[in-house]
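In case you want the letters, here they are:
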Amino acid sequence: MGYNLLKGKKGIIFGALDANSIAWKTAERVHEEGGEFVLTNAPIAMRMGALNTLAEQTGSEIVPADATSIEDLENLVEKAQEILGGKLDFVLHSIGMSVNVRKGRAYTDQNYAWTEKGWDVSAVSFHKTMQTLYKKDAMNEWGSIVGLTYMAAQRVFPDYNDMADNKAFLESIARSFGYHFGKEKNVRVNTISQSPTPTTAGQGVKGFDGFIAFAEKMSPLGNATAQDCADYTVTLFSDLTKRVTMQNLYNDGGFSNTGVSREVMDAFVKDQE
Ligand code: NAI
């Protein structure tokens, strides 16, 4: 059900790969709330052509951009304003990738060229996106920028590998840029720390099935779904959260503040018998 929360608002949504993607669900929700946007992804990710379906469904145009390329980002920000007919009100950065994770390299045996690629794609791309928006003065006052992160930035999940460091970097960029964007242009910047979610990126993490089942049993409200994340993002893009900025906001069913749950304790005790 829509509430017209984003009526008249325009933006860019990065990272919809397929119908499981958090960005895909968010695009659908933003459309439902009356927002208009340009969809973007890395040129290589669009080979499958799935994004065309979402574009048709939401009446959006697609502008390809590798989020690590300033040239691509400049082109994207210019084109998006042309297509949408003015400055932007919201941007979703929904991008993450670790080559070490993909290729099964342990955290204690990193290939540093891959480590660098991972932080460029997963964290610095957020800075590059915001710097491009900032320099081009492309955001309207009281606009909102959201990045997606995971709690491995605060606590150790051994198989999350170097993505944990990338997420810590991403969250720090949100705070630091949030200060400058707030001061100069009244634009807010936040990250949402989301529960494990069955997407292409999520399932790339070793032992993901155990990971998501454990989180489900630990969280008093259960895991937040991609749909829940889309809903939360809509509130952050809306005028109802105008002075929420520089925050890392948990959308995790209570996982991050739970020491142990009854279900996990019962399973543990049973295992001891
Ligand atoms: P996904 O695999 O559907 O989306 C990741 C996107 O990043 C893809 O669309 C991919 O094409 C894009 N991407 C990769 N390299 C790029 C580049 N150079 N330029 C532009 N785009 C690029 O997976 P998901 O889960 O929807 O990921 C979205 C965000 O949510 C990521 O930041 C991820 O780390 C974060 N997140 C995911 C969780 C999960 O369990 N799935 C949990 C917490 C956070």
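As the structure is a computational prediction, the values presented were derived from the model and not from experiment.

Let us look at the overall build of the protein. Looking only at helices and strands, the protein features 10 helices and seven strands. Taken along its principal axes, the extent of the C-alpha atoms in the protein is 65 × 45 × 40 Å. For the protein, buried positions account for 51% of its 273 residues. Counting contacts in the protein only where the partners sit at least 6 residues apart, residues at least 24 apart contribute 76% of the total.

This paragraph deals with the UniProt feature "binding site: NAD(+)" (unreviewed entry) in the protein. Here the UniProt-annotated "binding site: NAD(+)" (unreviewed entry) positions come out as G15, S21, I22, I95 and K167. With respect to the secondary-structure elements, I22 resides in helix α1 (residues 22–32). When near neighbours in sequence (up to four residues on either side) are disregarded, I22 contacts S94, L148, Q194, T197, T199, A226 and C229. Tracing the backbone through its elements, the reader meets I95 in the loop between β4 (88–93) and α4 (99–102). For I95, a relative accessible area of 18% gives the class buried. Dropping the residues within four chain positions of it, I95 is found in contact with F14, A67, V121, S122 and K167.

Surveying the vicinity of the ligand reveals 28 residues, the closest of which are S21, N41, K167, T197 and T199. N41 is positioned such that a nitrogen or oxygen atom in its side chain is 2.7 Å from an oxygen atom of the ligand. The contact in question runs from a nitrogen atom of the ligand to an N or O atom on the side chain of D66, over 3.0 Å. Compared with its free state, where it exposes 820 Å², the ligand has 92% of that area covered by protein. Mapped onto the shell around the ligand, the elements with two or more residues apiece are β5 (139–149) and α7 (200–203). With three residues, the single largest contributor to the shell around the ligand is α7. Taken together, the residues that form the shell around the ligand break down as 14 nonpolar, 12 polar and two charged.

On to the UniProt feature "active site" (unreviewed entry) in the protein. On the UniProt side, "active site" (unreviewed entry) is annotated at positions that read Y150 and Y160 here. Since its relative accessible area comes to 8%, Y150 is described here as buried. Aside from chain neighbours lying at most four places away, what touches Y150 is F157, Y160, K167, E171, S193, Q194, P196 and F211. Relative to the helices and strands, Y160 is located in the loop between β5 and α6 (163–185). Residue classification places Y160 among the buried positions, given a relative accessible area of 10%.

Soluble, globular proteins show a tendency: their nonpolar side chains are buried together. Grouped together as the largest cluster of nonpolar side chains are 31 residues, with contacts concentrated most on L133, I145 and F181. Residue assignment for this core shows that the elements contributing at least two residues are β1 (10–14), α3 (70–84), β4, α5 (112–135), β5 and α6. Apart from the residues lying within four places of it in its own chain, the contact partners of F181 are M130, L133, Y134, M139, I145, N186, V187 and V189. Counting 24 residues, the second largest nonpolar core, distinct from the first, contains W24, L39, L51 and A55.

Parameters at a glance
- Residues numbered from 1 in each chain as written.
- Predicted model: local features only at pLDDT ≥ 70, side-chain atom pairs only at ≥ 80, totals over all residues.
- Heavy atoms only, no water.
- Helix = DSSP H or I, 4+ residues; strand = E, 2+ residues; numbered from the N terminus.
- Buried < 20%, exposed > 50% of the residue type's maximum accessible area, 1.4 Å probe, protein only.
- Contact = heavy atoms within 4.5 Å.
- UniProt positions renumbered as here; feature names shortened; annotations may be inferred.
- Near = heavy atom within 4 Å.
- Polar contact = N/O pair within 3.5 Å; in protein donor to acceptor, adjacent residues only side chain to side chain.
- Areas by Shrake-Rupley, 256 points an atom, 1.4 Å probe, with all protein chains shown as cover.
- Nonpolar A, V, L, I, M, F, W, Y, C, P; charged D, E, K, R; others polar.
- Core = buried A, V, L, I, M, F, W, Y, C linked by side-chain atoms within 4.5 Å.

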